[in-house]
Amino acid sequence: LATVMSDSLLHRLVERLLDQIDLASGIGKSGKKRARIAHKTDGSKSLASSDLRSADTRSLIRTMCTVSGTVGHRLNQGHIDRIVPIFLRFCDPADADDEDYDSDEPMDTDDVMAGMGEEAAAAMQIELRESCFAGFESFVLRCPALIRPHLDQIVYSALAYMRFDPNYTYDDDDDDAEDDEEEEEEMEEEEEDEYSTEDDMSDEDDDNNWKVRRSAIRTLTAVVEATKHDPSKLWIDEFAWRQNSEKKTTVAGALVNRFKEREENCRVDIIECFTRLLSYTVSASSAGVLVLASCTSMDDDALAASGAVVVDLRSNVSSAIVKATEKQLSAKKGGERSKSSAIALLSTLCLAPGGIGSSEQITSVFRHVKTILNADDDANTRRHTAVNSKSLKLEALCLVRIMLSCKKHDASDIKSTLLPILLSDICKCVQEDWYKVISEALRVLMEIPGLLVLGSATKAEKDEVATSLYDAIEPRLSEHDLDQEIKECALSASASLVSVLHASLSPDQKNRILTLLLDRLKNDTTRIAAIKTLSKVGRAAKSSEDLDLTSVMNEALEQLALLLRQQSRSLKQSALECIDTLVLCLPESDIDMDEGLFDSVLKDLGEIIADTDLHICHLSLSASNSILKARPSTGALVKGHVLPASLELSKSALLQDPALTSLLNLLEQMVASGAIGFDELHKLLEAQMAGDGFKGSKQVI
């Protein structure tokens, strides 16, 4: 009914709900103390009148959460100022850190007197806290402006209950003291067995406190979402890590510290919450709201003096993130969802300055990726990863591709670790059964040739890598009964291989790939992808003498000319761009070219020159100009097929911008190459304006 109520009725409803909830005595020592103080302040509410049972209080809180979730924008500041202190009675941060806390302590004697046992009362405490954090989540998302004065209290409470696990000890205080190598190795072994301990816990020893932790984490996620335009405070503002403790931490630091959460659902939510925070931080940095510190691109003191908000990821945060995610990836019995979330976090970290980190951290990540890619070969891990290993393998390949393409890492570090550790495994993934894994593996291979150039690879390294890439790509490029995505990725990978590493390929290998490209060009489903591949290879051939396209030039130009007669505009556009690129690879002589082919190509180019599509017209004029530059002997053909349409275009009132520039360049090239004399061309242009019935644009001519 809240959605259709008038404002006056809605306010009465909220006040009535809050009056009823206010009668409850709270949970825990600090929560009940809050209630007593509130009741003493308001004499009309006495503890004697608190005849509500916990179940009734829970129902009232959930009702209030539902109202705020549906019509939260209609609540006023007075409502929020009253709601938050009441809810904090049930989730006071001090109670989460109470060393004497007993998870089986009943919330209220009234519940026991009403027939509720201690176990049921403890479960009710959990549900009450869970409902309160659900309310905080709703308020933060629906009333971000009204809740801002109370945001620090909510964050502090959520941080406290995010680690609320009274039946399990994490030894948080010992984490910073373990600096020796032997102690670190012992910790790694303990982490490997951590999840097996969780699996061995019996139902009697386990509890439902993880529901409270999950609801607190979701509240923090709502806070991250509400501050996505400027998340700097979540990296800078510090909160007490424990009650009466000098140790303080930020929201970001607390999230990273809790990656060791033993419950799968909570652990995944924590990692995803931090991933979202990191993503919003990178976006805010791109928008100029804050600055992400980088060891090479800025002076922190100068930025601080200028008033800019600097978030430093380079010192400890990046290394802590990588270390925490590696523990998730290395856990033998860790859940697939945790590993998937850890991979997503590493992918997001690649977008930040400095990326994943130094060569040591890159090597460690690549070794964990190698383990994931080889999961099917390991009989011991196959039992645990059979269900989701393919999707996890896909995500691992995506991470590698992002690391190669993000340009945030030192190329030599990536190259020196990728080639010996992962290259062979990535090539094996091209032979997988699932088309998505195959396609992603081909995308990774597509990034490797460029990496070798940036990483200053030696001739021997380039030759070895070129052979490995060819052996992996060629079978997929030659097969016809494949998914469309695999075909297109194979074409893109072959374009990268030939255009960058052509000097490391044998003539037979280059001719084989070029022949397969022609076959794909003749296929309806792969035409556009093949055209783009030929264009990329053609651009490389223009700047390199080692890449010769003469063996396929005749047939390629013939097929591209036929495509100009198609109705598809995108196909025409791609074909024209490819022709413009390929013809510039032709030497002026010493080439076995079919001269009659140029006659056919130029005829098709002339037929599509019209002011009805100026962009296609511009591409056609540019291609004609390129043919004339590459082969001046085609001047007569250009004059016969292209010039008449160009003269007709010259008097169009629509002619402008790139089309006009391309027309002027073509006419200039025709005069320079001797295809037509200046005087003759001048007379032809003047003739376009002759006659009393001229309706064209004299200004353009």
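Cut-offs applied
Residues numbered from 1 in each chain as written. Predicted model: local features only at pLDDT ≥ 70, side-chain atom pairs only at ≥ 80, totals over all residues. Heavy atoms only, no water. Helix = DSSP H or I, 4+ residues; strand = E, 2+ residues; numbered from the N terminus. Buried < 20%, exposed > 50% of the residue type's maximum accessible area, 1.4 Å probe, protein only. Contact = heavy atoms within 4.5 Å. Areas by Shrake-Rupley, 256 points an atom, 1.4 Å probe, with all protein chains shown as cover. Axes fitted to C-alpha atoms, helices over the stretch in contact; angles between N-to-C directions. Left-handed = near helix turned anticlockwise from the far one by under 90°. Nonpolar A, V, L, I, M, F, W, Y, C, P; charged D, E, K, R; others polar. Expected span 1.5 Å × (residues − 1). Core = buried A, V, L, I, M, F, W, Y, C linked by side-chain atoms within 4.5 Å. Polar contact = N/O pair within 3.5 Å; in protein donor to acceptor, adjacent residues only side chain to side chain. Salt bridge = Lys/Arg side-chain N within 4 Å of Asp/Glu carboxyl O. pLDDT = per-residue confidence, 0-100. Phe/Tyr/Trp six-rings, centres within 6.5 Å; stacked < 30°, edge-to-face > 60°. Parallel < 35°, antiparallel > 145°, perpendicular 65-115°, else oblique.

The next thing to look at is the overall build of the chain. Per the secondary structure count, the chain includes 35 helices and four strands. For the chain, the residues scored as buried account for 50% of the 701 residues in total. If you take every contact in the chain between residues at least 6 apart in sequence, the share linking residues at least 24 apart comes to 76%. As displayed, the chain offers around 32300 Å² of accessible surface, 47% of which is attributable to carbon and sulfur atoms.

Turning our eyes to something else, we now look at the packing of helix H26 (residues 507-521) against helix H27 (residues 527-542). Contact geometry of H26 with H27 gives a least axis separation of 8 Å together with a crossing angle of 145°. Here the hand of the crossing between H26 and H27 comes out left-handed. Contacts between H26 and H27 pair Leu514, Leu517, Arg520 and Leu521 from the former with Arg527, Ala530, Ile531, Thr533, Leu534 and Val537 from the latter. When the residues that make up the contact of H26 with H27 are grouped by side-chain class, the tally is seven nonpolar, one polar and two charged.

It is worth spelling out helix H31 (residues 614-630) at this point. Taking 1.5 Å of rise per residue, the 17 residues of H31 would be expected to cover 24 Å, and the 24 Å separating its terminal C-alpha atoms lies within 8% of that figure. Where burial is concerned, most of H31 is hidden: 13 out of the 17 residues are buried.

Another point: helix H28 (residues 550-563). Helix length check: H28 (14 residues) gives 20 Å between terminal C-alpha atoms against 20 Å at 1.5 Å per residue, within 8%. Taken together, the buried positions of H28 are Val552, Met553, Ala556, Leu557, Gln559, Leu560, Ala561 and Leu563.

Our focus in this paragraph is the nonpolar core. If you look at the biggest cluster of nonpolar residues, it comprises 202 residues, and the most contacted ones within it are Met64, Phe87, Phe274, Ile426 and Leu445. It is helix H14 (residues 264-286) that provides the largest number of residues to this core, a total of ten residues. Once you skip the residues sitting within four places of it in the chain, Ile426 turns out to touch Leu373, Leu397, Val400, Leu418, Ala441, Val444 and Leu445.

The next point concerns unusual backbone geometry. The backbone of Lys407 sits at a positive phi, close to 65°, despite the residue not being glycine. For Lys407, the position within the fold is in the loop between helix H20 (389-405) and helix H21 (411-421). Of note, Ser456 is a non-glycine position whose phi angle comes to about 55°, a positive value. Considering the arrangement of structural elements, one finds Ser456 in the loop between helix H23 (435-454) and helix H24 (459-478).

Another aspect to go through is the side chain of His618. Locating His618 in the fold gives a position in helix H31. Polar contacts involving the side chain of His618 include one to the side chain of Ser662, which spans 2.5 Å. Apart from the residues lying within four places of it in its own chain, the contact partners of His618 are Pro658, Ala659 and Ser662.

The next thing to look at is the pattern of salt bridges. Counted by the stated rule, this structure contains 26 salt bridges. The residue Arg218 makes a salt bridge to Asp269 at a minimum N-O spacing of 3.9 Å. Of the two residues, Arg218 is situated in helix H11 (residues 209-226) and Asp269 in helix H14; the sequence distance between them amounts to 51 residues. Of the residues examined, Asp269 reaches a relative accessible area of 15% and is grouped as buried. With a closest N to O distance of 2.3 Å, Glu555 and Lys522 form a salt bridge. Of this pair, Glu555 sits in helix H28 while Lys522 sits in the loop between H26 and H27, and the two are 33 residues apart along the sequence. By relative accessible area, which is 31% here, Glu555 ends up partly exposed. A relative accessible area of 39% places Lys522 in the partly exposed class.

Within the chain, residue pLDDT values average 80, and 79% of them lie at 70 or more. Note that residues 44-51 has pLDDT below 50 and, in this model, twelve contacts with residues that lie over four places away or in other chains. Low pLDDT, under 50, characterises residues 99-114; the predicted model gives this stretch 31 contacts beyond four residues in sequence or across chains.

Looking now at the packing of aromatic side chains. A complete count under the given rule lists seven aromatic pairs for this structure. On the basis of an interplanar angle of 80° and a centroid distance of 6.0 Å, the ring pair of Phe259 and Phe274 is categorised as edge-to-face. With a gap of 15 residues between them, Phe259 in the loop between helix H13 (251-257) and H14 and Phe274 in helix H14 connect regions that are remote in the sequence. One exposure class covers both Phe259 and Phe274, and it is buried. In this structure an aromatic cluster arises from ring pairing among Phe87, Phe133, Phe136, Phe139, Tyr161 and Phe164.

As a packed pair, H26 and H28 sit with axes 10 Å apart at the nearest point and diverge in direction by 15°. With respect to H28, the axis of H26 lies roughly parallel. Where H26 crosses over H28, the two elements pack in a sense that is left-handed. Contact residues: Asn511, Leu514, Leu518 and Leu521 in H26; Ser551, Val552, Glu555, Ala556, Gln559, Leu560 and Leu563 in H28. Here the contact of H26 with H28 is built from residues that sort into seven nonpolar, three polar and one charged.

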